[in-house]
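# Residue-level structure breakdown
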Amino acid sequence: KALGKELYPQSEFFGYSMLDFAVGSSSNFNERLASLEKLLAASPEDYKANITLAEIIYDTLDSRKADAVAPGNAAELEVKMLAALNKASSLKPEEMQPYLLLGDHHLLKSEKLRDAMVAAETDLTKKGAKATAADKQKLADARKAYGDTYDIARINYEKAADMFAKMPNLDANQKRSYRAIAGNLAEYYSFKIEDAKGADRDKFIAAEKKWDDIFSKLR
């Protein structure tokens, strides 16, 4: 590789890494995934390989395309993606991208779980006095699944937000991302206020105001 750079300094070929070949050798999702997994098997501590693997799975699982359909092995892919993101964040805790993807993924997942929670709540209301213990447990489980997943999104968004807050200057894209995070965190704490009491309620009200103020400031 070094000799190639010396003999052909204008060629990009000798600057390529194994990661470039793993990602660029095919446009097929499964082939790219297999290449990246092979690379990671040999170099598990490679930050770029871990985050790249996570990104291509994220683009498939959490696609913004209107006609996107979740793959049949979505659960398996999610496990791989989360493992890669957690590994990436442990390798380079100063990098923001793993936290952003973890926050976005869990926020999108929580929105789907919220739909299930609302459906269970609606069903319980319709049944009224006829609602069974199983119906009530279904709602409790749905509420917990939603809250737990939403909380994971909050944890990662707050880590990313803390990094943004320490940056001396933000470009337009960074401001946009920081503002979106602040808005999401304000909504999270608004949700937490609903069932909170006493000191917890006061704490959540203060947190909601903090993030809402940042959101407005970044407009």
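Reference entry: report on the structure contained in this document. All figures in this text were calculated on a predicted structure; none of them were measured in a lab.

## Observations concerning the overall build of the chain
- Tallying secondary structure elements over the chain gives nine helices and zero strands in all.
- Order of helices (α) and strands (β) in the chain, N terminus to C terminus: α-α-α-α-α-α-α-α-α.
- For the chain, the C-alpha atoms occupy an extent of roughly 80 × 45 × 30 Å along the three principal directions.
- The buried share of the chain, taken over its 219 residues, is 34%.
- Mean positive and mean negative side-chain charge positions of the chain (34 and 35 charges, respectively) differ by 3 Å.

## Points about the nonpolar core
- In this structure, Tyr-178, Ile-181 and Trp-211 are the most contacted members of the largest nonpolar core, which totals 33 residues.
- Among the secondary structure elements, those contributing two or more residues to this core are helix 6 (97–127), helix 7 (133–165), helix 8 (172–194) and helix 9 (198–217).
- The greatest single-element share of this core, amounting to ten residues, is contributed by helix 7.
- Contact partners of Tyr-178, with chain neighbours within four places excluded, come to Ala-161, Phe-164, Ala-165, Leu-170, Trp-211, Ile-214 and Leu-218.
- Among the nonpolar cores identified, the runner-up in size contains 21 residues, and Tyr-47, Ile-56, Tyr-58 and Leu-77 belong to it.

## A short note on the packing of helix 5 (residues 74–91) against helix 6
- Put simply, helix 5 and helix 6 touch, their axes get as near as 9 Å, and they point 145° apart. Every pair of crossing elements has a handedness; the one defined by helix 5 and helix 6 is left-handed. Contacts between helix 5 and helix 6 involve Glu-78, Met-81, Leu-82, Leu-85, Asn-86, Ala-88 and Ser-89 from the former and Pro-98, Tyr-99, Leu-101, Leu-102, His-105, His-106 and Lys-109 from the latter.
- The class makeup of the residues in the contact of helix 5 with helix 6 is eight nonpolar, four polar and two charged.

## Here we look at helix 3 (residues 29–42)
- Compared with the 20 Å implied by 1.5 Å per residue over 14 residues, the 20 Å span of helix 3 between its first and last C-alpha is a close match.
- When helix 3 is considered as a whole, its buried residues turn out to be Leu-33, Leu-36, Leu-39 and Leu-40. The arc that holds the buried residues of helix 3, viewed along the axis, is 125°, so those residues lie on one side. Away from its buried face by more than 90 degrees, helix 3 exposes Asn-30, Lys-38, Ala-41 and Ala-42.
- By the N-cap criterion, in which a side-chain oxygen at the helix start approaches the backbone nitrogen of a residue two or three places on, helix 3 is capped by Asn-28, the distance to Asn-30 being 3.0 Å.

The rules behind each value
Along every chain, residues carry numbers that run from 1 in the direction the sequence is written. Only residues with pLDDT of at least 70 are given local features in this predicted model, and only at 80 or more are side-chain atom pairs given and counted; all residues enter the totals for whole chains, interfaces and linings. As a rule here, side-chain values cover all heavy atoms of the structure and leave hydrogens and water aside. Helix and strand definitions follow DSSP, with helices as H or I runs of at least four residues and strands as E runs of at least two, each counted in order from the N terminus. Type-normalised accessible area, obtained with a 1.4 Å probe on protein chains alone, sets the label of each residue: buried when under 20%, exposed when over 50%, and partly exposed for intermediate values. Positive charges are assigned to Lys and Arg, negative charges to Asp and Glu, while His and the chain termini are left out of the count. We put the charge of a Lys on NZ, of an Arg on CZ, of an Asp on CG and of a Glu on CD. Only buried residues count toward a nonpolar core, which is a set of Ala, Val, Leu, Ile, Met, Phe, Trp, Tyr and Cys residues joined through side-chain atoms within 4.5 Å. Residue contacts follow a heavy-atom distance rule, with two residues in contact if any of their heavy atoms lie within 4.5 Å. Only the contacting stretch of a helix is used when fitting its axis, a line to C-alpha atoms as for every element, and angles between N-to-C directions run 0 to 180 degrees. Handedness of a crossing is defined here by the sense of rotation of the near helix relative to the far one, left-handed for an anticlockwise turn of less than a right angle and right-handed for a clockwise turn. Side-chain classes follow a simple rule in which Ala, Val, Leu, Ile, Met, Phe, Trp, Tyr, Cys and Pro form the nonpolar group, Asp, Glu, Lys and Arg form the charged group, and the remainder, Gly included, forms the polar group. Here a helix's expected span is defined as the number of its residues, less one, multiplied by 1.5 Å. Note: the arc covers the axis-to-C-beta directions of the helix. In protein, a polar contact requires one atom able to donate a hydrogen and another able to accept it; more generally it is a pair of N or O atoms within 3.5 Å, and residues adjacent in sequence count only if both atoms are side-chain atoms.

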